[in-house]
Amino acid sequence: MAVDFVGELNPGETLAPSNARGTLGVVAMDSTGTDVSATLLEGAPWIVARSRAAFWLRAGSAGPNYKITVTAPTSDGELITELVELEVFA
C-alpha cells in the first residue's frame, strides 16, 4: 500500500526518511483504538518516487475498519501526517 503526498509538498520538496521533526512511520489502530501495528504491518515503510510512503500489510480481520496513520518527514523540515481507513473483507 502507498500514500501519495504529492499534493501536500511544495515545488522541489520531497519526502525524507527523517528530519529534525521526526521519522517516516506507520501506525495501525483497530476500531477500539488499540495499536495493532505489530500484527497488521510488515517491516518498515519506505519512500517511492520521492512523494509516496509505501508499506506492507500482512494481516487483518474482517469487520470494523482499521485506521492507519502515515507520518512523513519532508526535505523542507516539515512533518506531514495522513490518516487512511482500511476495511478488510472476508
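Residues numbered from 1 in each chain as written. Predicted model: local features only at pLDDT ≥ 70, side-chain atom pairs only at ≥ 80, totals over all residues. Heavy atoms only, no water.

Caption draft 1: How the structure looks around the pairing of strand β7 (residues 66-73). Sheet analysis places strand β4 (residues 25-29) next to β7, joined by five bridges and oriented antiparallel. What sits directly across from V26, in β7, is V70. Bridge analysis of β7 against strand β8 (residues 79-86) gives eight bridges, and the strand direction is antiparallel. In the strand pairing of β8, I68 is matched with V84. Between β7 and β8, which follow one another and run antiparallel, lie five residues, and G77 among them has a positive phi close to 85 degrees. (Pairing = 2+ DSSP bridges. Helix = DSSP H or I, 4+ residues; strand = E, 2+ residues; numbered from the N terminus.)

Caption draft 2: Inspection of the environment of S75 at higher detail. Position of S75 among the secondary structure elements: in the loop between β7 and β8. Since its relative accessible area comes to 42%, S75 is described here as partly exposed. Between the C-alpha atom of S75 and that of E42, which follows or precedes it by 33 residues, the distance is 25 Å. Other than its neighbours up to four places away in sequence, S75 contacts G12, E13, T14 and A16. (Buried < 20%, exposed > 50% of the residue type's maximum accessible area, 1.4 Å probe, protein only. Contact = heavy atoms within 4.5 Å.)

Caption draft 3: Examining the confidence of the model for the chain more closely. Here the chain averages 94 in pLDDT, and 99% of its residues register 70 or above. Across the chain, strand β3 (residues 22-23) holds the top mean pLDDT of 98, while helix α1 (residues 37-40) sits lowest at 93. (pLDDT = per-residue confidence, 0-100.)

Caption draft 4: Representation of the sheet that holds strand β5 (residues 41-48) within the structure. Strand order in the open sheet formed by three strands is β1-β6-β5, with antiparallel pairing between adjacent strands. For this open sheet the edge positions go to β1 (2-4) and β5, each flanked by a neighbour on one side alone. When strand polarity is set aside, the average angle formed by the axes of neighbouring strands in this sheet is 20 degrees. Looking at chain direction, β1 and strand β6 (residues 52-57) are connected through three bridges and run antiparallel. Bridge assignment links D4 to a residue of β6, and that residue is R52. (Axes fitted to C-alpha atoms, helices over the stretch in contact; angles between N-to-C directions.)

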